[in-house]
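Chain by chain, the residues run as shown.
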Amino acid sequence: MILFKHPEKQREYAELRPELRKVVREIERVAWEKFGDEIVVTSMYRGDSSKSVHAWYRGIDIAILEHGGLEGSEWVRSYINQKYPYGKLGCETVPPLDHGTAAHLHVQII
Ligand SMILES: [Zn+2]
């Protein structure tokens, strides 16, 4: 199940690029099958910078898995990057996790 941290922004999900939603559904599936975790979308559209993939509906932030923890998130990150290469040298579909206070998977497509 895909949960939304900000339910009032849930409609942005339908605006995301279809290829990105496909990756999100895959994350949803493996998070559930491997860790029994739901995923929580924390951020989608952000118009703050046209340089950000978020401004083009090509990026989404997904909160850290509850049961899988950081280790689980790293597993998901590596799995997704193998299955869905970003297609541009030096870039990844899920870049390294920021292990700071708000650890999350940033997921992007080209
Ligand atoms: Zn992001």
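The preceding data block contains the structure.
Here is a short report on the structure shown in this document. (Residues numbered from 1 in each chain as written. Predicted model: local features only at pLDDT ≥ 70, side-chain atom pairs only at ≥ 80, totals over all residues.)

1. A word on the nonpolar core
For step 1, the next point in the chain: Grouped together as the largest cluster of nonpolar side chains are 19 residues, with contacts concentrated most on Leu20, Val23, Val24, Ile27, Ile60, Ile62 and Val107.
For step 2, the next point in the chain: Of all the secondary structure elements, the ones that give two or more residues to this core are α2 (18–35), β2 (39–43), β3 (59–63), α3 (69–83) and β4 (104–108).
For step 3, the next point in the chain: The biggest single contributor to this core is α2, with 5 residues.
For step 4, the next point in the chain: Contact partners of isoleucine 60, with chain neighbours within four places excluded, come to Leu16, Leu20, Val24, Val41, Met44 and Val107. (Core = buried A, V, L, I, M, F, W, Y, C linked by C-beta atoms within 7 Å. Buried ≥ 20, exposed ≤ 12 C-beta atoms within 10 Å, placed from the backbone. Helix = DSSP H or I, 4+ residues; strand = E, 2+ residues; numbered from the N terminus. Contact = placed C-beta atoms within 7 Å.)

2. Some words on the environment of arginine 21
For step 1, the next point in the chain: If you trace the backbone, arginine 21 turns up in helix α2.
For step 2, the next point in the chain: Arginine 21 gets classed as partly exposed once you count the C-beta atoms within 10 Å, which come to 17.
For step 3, the next point in the chain: The spatial distance from the C-alpha of arginine 21 to the C-alpha of glycine 59 is 9.8 Å, given a sequence separation of 38 residues.

3. A short note on the sheet that holds β2
For step 1, the next point in the chain: In space, the 4 strands of this open sheet follow the order β1-β2-β3-β4, with mixed pairing throughout. The open sheet has two edge strands, β1 (2–4) and β4, and neither has a second partner. Going from strand to strand, the sheet's axes swing by 35 degrees on average, the running direction of each strand aside.
For step 2, the next point in the chain: In this structure, β3 lies alongside β4, joined through 5 bridges in antiparallel fashion. Following the sheet pairing, aspartate 61 is matched in β4 by histidine 106. (Pairing = 2+ DSSP bridges. Axes fitted to C-alpha atoms, helices over the stretch in contact; angles between N-to-C directions.)

4. What about α3?
For step 1, the next point in the chain: Relative to the 21 Å expected for 15 residues at 1.5 Å per residue, α3 spans 21 Å between its end C-alpha atoms, a close match to the ideal helical length.
For step 2, the next point in the chain: Of all the positions in α3, only Ser73, Val76, Arg77 and Ile80 are classed as buried. Down the axis of α3, the smallest arc covering the buried residues is 105 degrees, so these residues share one side. Of the residues in α3, the exposed ones pointing more than 90 degrees away from the buried face are Glu71, Ser78 and Gln82.
For step 3, the next point in the chain: Contacts from the buried residues of α3 go to α2 and β4. (Expected span 1.5 Å × (residues − 1). Arc of directions from axis to C-beta.)

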